[in-house]
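# Inside the fold
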Amino acid sequence: MKRFIVPMLTAAAMLLFGQTVYAYTMPGDADGNGKVESRDAAVVLHCTADGNISDFGAERRRAMDITYDGSVDVQDAVAILKLLDRPPIAESEIITDFSALKSAVKNNKQTIYVKGRIECSERLDLQTANSGVSIIGLKDENGQDAVLDFAKLRDSLTSKGEKGVGIYIKGSGYTLENLIIQNAGDCGVRVKGTDAGNSVFRNCVFRYNNNSGVSVTAGGHDNSFYNCDSYRNGDIVQKSGADADGYSVKLGAGKGNYFYNCRAWENSDDGWDSYLKSGDSAIPDITYIECLAWHNGNAETFTGEYDYENHYPLDKNLLYVQAILEQDPDFEAKYNAREITEWPKVTMKMLGTTNNYSSLYKNWGGN
């Protein structure tokens, strides 16, 4: 059984269409001033007492629902005050490099704080049962979110496959929070196997991965995603866009996978894919509550043409755009000056294979 609860689109949600969003609302920031403080708890209490929560846009309600239970109430105000009462995190407790992150995971450290852009040269395997481990991203001094960047791993590989996954969860009881996971050679996150369950993802972003942003498969069960975004994931070199979804919950995925207030856009294939093909066992249940998907399956997104046509900034995270810049270092200046008369036809190289402009469009398999 699949349960679909389709939201009414608020003005705040409508503004997302046709543009790329790079950040999520800060949990607890009820008044929208960019920080969490005691007045935010007061705002929540005032709104719940007046019964006017529905008057707020989706982003504001998202920030207020700090307990991630789908409603805004007194418990959210209490949770904000508890958050403010936590002792400061010592600098010695904050991880800023991949070696330290691997060590903390290996030693089953219960709370792992990460900050900055961490270049990940290997797959991060989370294999412990009932781990209780939380990996939590912190904003840096410039207000930038924590990034786990798997480009080094991706570029070291000569073939596609699971060895290119960014974070591979075979265990259970993990929490990933406030993280951007990007540039993996396969899925950004894969949750796989009957032992892979009861993990929680909060306020995470999955982007620019070479397969789905998130894959839950082969028995992965009871995993919950709150306030997560998955965009511009695309397998455009190996498969001309045919297989990379925002969220892929299929191929024998288990029961109880749950998405609340999540978004999937501008992926090369589907926003959400729970397709069953002949021989697959049925997926027991998936819940989507107040989730959005839009503008998936467009090849022009991944060549950069869509952004140019719509007067958006050049997205230098796109593989095709990177190939253009290698061939023509002046391309960005021409792009910004609106001097492009014909889109460059270049070849991309990755994971031991290549693809080019004409072949990409001829064989485009995205939905």
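The notes below deal with the structure included here. (Residues numbered from 1 in each chain as written. Predicted model: local features only at pLDDT ≥ 70, side-chain atom pairs only at ≥ 80, totals over all residues. Heavy atoms only, no water.)

### Let's talk about the side chain of Asp186
We apply this condition: Only DSSP runs of H or I covering at least 4 residues are called helices, and only runs of E covering at least 2 are called strands; the numbering of each starts at the N terminus. Burial here depends on accessible area, computed with a 1.4 Å probe over protein chains only, as a share of the maximum for the residue type. Under 20% is buried, over 50% is exposed, and the range in between is partly exposed. Here a residue-residue contact requires only that any non-hydrogen atoms of the pair lie within 4.5 Å.
Structurally, Asp186 is set in the loop between β10 (179-182) and β11 (189-192). By relative accessible area, Asp186 is classed as buried at 8%. Apart from the residues within four sequence positions on either side, Asp186 is in contact with Gly161, Gly164, Val165, Asn209, Asn210, Asn211 and Ser212.

### Structural notes on the sheet that holds strand β8 (residues 167-169)
Short version of the rule: What makes two strands pair is DSSP finding at least two bridges between them.
Strand order in this open sheet of six strands is β5-β8-β11-β14-β17-β20, and the pairing throughout is parallel. Looking along the sheet, the strands with just one partner apiece sit at the ends: β5 (124-126) and β20 (272-273). Strand direction decides the pairing type here: strand β14 (residues 214-217) and strand β17 (residues 247-249), joined by three bridges, are parallel. Bridge pairing in β17 links Ser215 to Ser248.

### Considerations on unusual backbone geometry
Residue Asn198 is not a glycine yet carries a positive backbone phi of 55°. Inspection of the secondary structure assignment puts Asn198 in the loop between β11 and β12 (200-202). A relative accessible area of 46% means that Asn198 is categorised as partly exposed. Positive phi is not limited to glycine here, since Asn203 has a value of about 55°. Tracing the backbone through its elements, the reader meets Asn203 in the loop between β12 and β13 (205-207).

### Re the environment of Trp364
In plain terms, the rule: Whenever a nitrogen or oxygen atom comes within 3.5 Å of another N or O atom, the pair is scored as a polar contact, on the condition that within protein one atom can donate a hydrogen and the other can accept it, and that pairs from neighbouring residues in sequence are kept only if both atoms are in side chains.
By secondary structure assignment, the location of Trp364 is in the segment after α11 (357-362). The sequence separation of Trp364 and Asp186 amounts to 178 residues, and the corresponding C-alpha distance is 18 Å. Ignoring any residue separated from it by four or fewer positions in sequence, one finds Trp364 in contact with Ile236, Ser240, Gly241, Ser268, Gly297, Asn298, Ala299 and Phe302. A polar contact of 3.1 Å, which involves the side chain of Trp364, links it to the backbone oxygen of Gly297.

### Section: the side chain of Asp31
Inspection of the secondary structure assignment puts Asp31 in the loop between α1 (11-14) and α2 (38-50). A distance of 2.6 Å separates polar atoms of two side chains, one belonging to Asp31 and the other to Arg39. If we ignore the near neighbours within four places in the chain, the residues touching Asp31 are Glu37, Arg39, Asp40, Val43 and Arg60.

### Things to note about the sheet that holds strand β7 (residues 146-149)
Convention followed: Axis geometry follows a simple rule: fit a line to the C-alpha atoms, using only the stretch in contact for helices, then measure angles between N-to-C directions, giving values from 0 to 180 degrees.
Spatial ordering of the open sheet is given by β4-β7-β10-β13-β16-β19-β22, a layout of seven strands whose pairing is parallel. The open sheet has two edge strands with one neighbour each: β4 (117-119) and β22 (292-294). Here the average twist between neighbouring strands, direction ignored, is 10°. Sheet analysis places β7 next to β10, joined by four bridges and oriented parallel. Across the sheet, Ala146 pairs through a bridge with Leu179, a residue of β10.

### Some thoughts on the nonpolar core
What counts, and what does not: For this analysis, a nonpolar core means a set of buried residues of the types Ala, Val, Leu, Ile, Met, Phe, Trp, Tyr and Cys, connected via side-chain atoms within 4.5 Å.
Membership of the largest hydrophobic core comes to 77 residues, with the highest contact counts inside it found for Ile167 and Phe259. Top element by residues in this core is helix α9 (residues 319-327). It accounts for five residues. Sequence-distant contacts of Phe259, defined by excluding residues within four places in its chain, comprise Phe225, Tyr247, Val249, Trp272, Ile286, Thr287, Tyr288, Ile289 and Cys291. Residues Ala41, Val43, Ile53 and Ala77 belong to the second largest nonpolar core, which totals 13 residues.

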